[in-house]
Amino acid sequence: MRRSYILVAGVAAAAAGLVQAAPPAITSVRQALPPEIAQQRRAGLLPGGPGGGGSYPVPRYEKVELQIEMQATFQNGDDPDQLDLWAEFTAPSGKVWKMWGFYNPSSSTALWMVRFAPTETGTWRYVVKVKDTQGTAESRPGEFPVTESKHPGFVGIAANKRYLQFSNGSPFYGVGLWYNDGYERANSGAITEEGLDNLKQHGVNFISFFNTRLETLGTGLGHYDEDRAARLDQLFEWCEKRDMLISWNIWFHSHFSEAVGSGSGDRRYQYNPYRLVSTAEKYFSNEEAWKYTARLYRYMVARWGYSRSLALWFVDDEINGTDGWTQGSPTPNGLSGPSAPGSAQAEQWCLRVHNWLKANDPYNRPTTGTLNGGIDQWWPNGYRIFDIAAREIYETQGHLYPKNKKPDLIGDHPLKSSYLNYATQSQKLWAGFEKPAIIGETGYSDTYYEPGTPGYLALYHN
C-alpha cells in the first residue's frame with residue numbers, strides 16, 4: 001500500500017495544486033533508553049517514565065538508537081530518493097560516521113530511527129539530517145557518553161588476510177551451524193531463546209540463517225514487510241544478549257529460480273516481486289533489479305548494520321542453482337566464468353554486491369558466497385571476489401558407496417571420507433587464495449555411513 005505524507009494543514013490544498021508542500025522539519029530527536037535504565041524505570045527505581053529523555057551512557061559496541069519525529073513529504077518511506085534520512089556521529093577522535101536512518105511505521109515510539117554502535121569511549125556528538133523533494137532540514141546537535149564494555153567489537157579480516165579477528169585484535173574462530181528461522185513476525189519462528197542458550201552451552205558462538213524475503217508480492221518492490229523486519233530485530237537482540245554472531249545468508253538460490261531445481265522449494269521466483277521488473281535468468285544483469293537490490297542492502301545496513309552480532313554478509317547461497325547462472329546470456333567483458341552461460345554475469349553481480357558492501361557497511365564486515373556442494377563445484381572466481389572463501393562439502397562426495405550399502409567397519413573408517421574431504425578442501429582454499437576459509441555447508445544427512453552407526457555422531461562432532 002502506498003502512503004502519502006505531507007503537512008496535515010496542506011493536504012487538501014496541495015492536492016488541489018493551490019499550496020506547495022513545505023520543506024521538511026525535524027521536530028524531535030531522542031535517544032532510546034538503554035535496556036538497564038528502562039528496566040530500572042519500569043521498576044520505579046529511577047525517576048521518569050519509560051519513554052525517558054536526554055542522553056544516556058552507552059557501553060562501547062552497543063546500540064545507540066535515535067528516535068526521530070519530523071514533518072516531511074513522501075509516498076514511500078522506504079525510498080531514499082523520496083526521503084533520505086541520516087545522522088552524522090562525531091567520535092572523540094574526530095572521525096565522522098554517517099549512518100542512514102530507516103522508516104519503521106509499526107513502531108509505537110517513533111516512525112523514524114537511526115541505529116549506531118560507537119567504537120570509541122568518550123563523548124560522541126551527533127546531528128540528524130533529512131532531505132525530501134521539498135528541501136532539507138537539520139536537527140539541533142546532541143551528544144552522549146560512551147563507556148568501556150566487555151565486548152571485543154566487530155569481526156573483520158586480520159591484517160595478514162589469513163584469519164578473522166575482533167576490533168580489539170583478539171582472534172575469532174567460529175564454531176556454528178545453520179539455524180534457519182522461517183519467520184513471518186516477531187515471536188514467531190523456529191529460532192528460540194532456549195535453543196540459542198542450548199547451543200551456547202555446547203560451545204557454539206555463531207549461527208547462520210537465510211531470511212524470509214523482506215520484499216513480497218504483497219509489499220511490492222522497494223517496500224519492506226514490517227512483521228518480518230521486527231522478527232529480525234528480535235533475532236539480532238537475542239544474539240547480542242548472548243554474544244553470539246550471525247552469518248546472514250541474504251539470498252537463497254531458490255529466490256532467483258523458476259526453472260532450475262528439483263522441486264517447488266528450489267523454484268520460488270514466481271513469489272519474488274523482482275519478477276515484476278526482470279525474468280529470473282536476466283536478474284543478475286538487469287539494472288532496474290539492481291536499483292531495488294541496492295536499496296534493500298541500504299535498508300539492511302541502516303536497520304541492522306549497527307549490530308556487533310552481524311559478523312558476515314553471506315551474499316549468495318549456491319548461486320549456480322539460479323536461472324541467471326545456468327541460462328543467462330554470456331557477457332564478453334569482466335570475469336571469465338565457468339562454462340554455464342550466465343556464470344560470468346552472475347559473478348559480476350557478486351563482485352558488484354561485494355564492492356557495494358565494502359563501500360557502504362561502516363563496520364566493513366567480511367563477505368562470502370557459495371556454489372552448491374558438489375565435489376567438482378570448485379569456484380576460483382568466487383573465492384577471489386569475496387573476503388572469505390566458502391566451500392560446501394558433504395561426506396559422500398568423492399567417496400563411492402559400497403555395493404551392498406553396508407559399512408565396512410573393519411576395512412574402512414566411518415569418517416574417512418569426511419576427514420579427507422574437509423582437510424583437502426580447506427587446504428586447497430588456504431593455499432590457493434590466501435584468505436580465511438569456511439566450510440559453509442555440510443552435515444551428516446548425506447553420508448557414506450548411516451548416522452545410526454555406533455559412535456558416528458560423536459566421531460562426526462569431533
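Here's a quick rundown of the structure. (Residues numbered from 1 in each chain as written. Predicted model: local features only at pLDDT ≥ 70, side-chain atom pairs only at ≥ 80, totals over all residues. Heavy atoms only, no water.)

## A closer look at the overall build of the protein chain
What counts is decided by this rule: Each helix corresponds to a stretch of at least 4 residues labelled H or I by DSSP, and each strand to a stretch of at least 2 residues labelled E; elements are numbered beginning at the N terminus. To be clear on the numbers: accessible area is Shrake-Rupley with a 1.4 Å probe, and residue cover counts the displayed protein chains and nothing else.
Each helix and strand in the protein chain was counted, giving 10 helices and 19 strands. Carbon and sulfur atoms provide 52% of the accessible area of the protein chain, an area that totals close to 21100 Å².

## So, the pairing of strand β3 (residues 64-71)
Within a regular beta strand, the side chains point alternately toward one face of the sheet and then the other, so they alternate between its two faces. Put simply, the rule reads: Burial classes: relative accessible area under 20% of the type maximum marks a residue as buried, over 50% as exposed, and values in between as partly exposed (1.4 Å probe, protein chains only). Two strands form a pair only when DSSP identifies at least two bridges running between them.
For β3, the buried fraction is high: 6 of the 8 residues fall into the buried class. As judged from the 5 bridges shared by β3 and strand β6 (residues 112-116), these two strands associate in the antiparallel manner. What sits directly across from Q67, in β6, is M113.

## Details of the sheet that holds strand β14 (residues 206-210)
We count it as follows: Fitted lines through C-alpha atoms give the axes, limited to the stretch in contact for helices. The angle between two N-to-C directions lies from 0 to 180 degrees.
Taken together, 5 strands build an open sheet; the order of strands is β13-β14-β15-β16-β17 and the sheet is parallel. Unpaired on one side and paired on the other, β13 (176-178) and β17 (367-369) mark the two borders of the sheet. Averaged over neighbouring strand pairs, the angle between their axes works out to 25° when direction is ignored. As paired strands, strand β16 (residues 310-316) and β17 are joined by 3 bridges and run parallel to one another. Bridge pairing in β17 places W313 opposite T367.

## Considering the packing of aromatic side chains
Condition: Aromatic rings from Phe, Tyr and Trp, with only the six-membered ring used for Trp, were paired whenever their centres fell within 6.5 Å, and each pair was classed as stacked if the ring planes differed by under 30 degrees, edge-to-face if by over 60, and tilted otherwise. In this analysis the charged atom, NZ for Lys or CZ for Arg, is taken to sit over a ring once it is within 6 Å of the ring centre and within 35 degrees of the ring normal.
Scanning the entire structure with this criterion turns up 40 aromatic pairs. Between F166 and F172, the aromatic rings sit 5.6 Å apart at their centres with planes inclined by 75°, giving edge-to-face as the arrangement. Between K95 and the ring centre of W97, over which it is positioned, the NZ or CZ distance is 4.1 Å. Above the face of the W430 ring, R162 is positioned so that its terminal group lies 3.9 Å from the ring centre.

## Quick look at the packing of helix α5 (residues 287-304) against helix α7 (residues 343-360)
Between two packed helices, what matters for the description is the angle formed by their axes and the separation of those axes. Going by this rule: Each crossing gets its handedness from the near helix: less than a right angle anticlockwise from the far helix is left-handed, clockwise is right-handed. Pairs of residues are marked as contacts when any of their non-hydrogen atoms sit within 4.5 Å. Residue polarity follows a fixed list, in which Ala, Val, Leu, Ile, Met, Phe, Trp, Tyr, Cys and Pro are nonpolar, Asp, Glu, Lys and Arg are charged, and the others, Gly among them, are polar.
Contact geometry for α5 and α7: axes closest at 11 Å, N-to-C directions at 35°. Where α5 crosses over α7, the handedness of that crossing is right-handed. Here E287, W290, A294, Y297, R298 and V301 of α5 lie close against α7, whose contacting residues are W349, R352, V353, W356 and N360. In terms of residue class, the contact of α5 with α7 is built from 7 nonpolar, 1 polar and 3 charged.

## A closer look at the environment of T370
Basically, it comes down to this: Side-chain atoms alone can form a polar contact between residues adjacent in sequence; in general such a contact is a pair of N or O atoms within 3.5 Å, and within protein one must be able to donate a hydrogen while the other accepts it.
Its place among the elements puts T370 in the loop between β17 and α8 (380-385). Assessed through its relative accessible area of 0%, T370 is described here as buried. T370 sits 69 residues away from I439 along the chain, and the two C-alpha atoms are 9.7 Å apart. In contact with T370, not counting residues within four places along its chain, are F314, D316, D317, E318, I319, W379, A390 and E392. In this structure the side chain of T370 is engaged in a polar contact, spanning 3.0 Å, whose partner is the side chain of E392.

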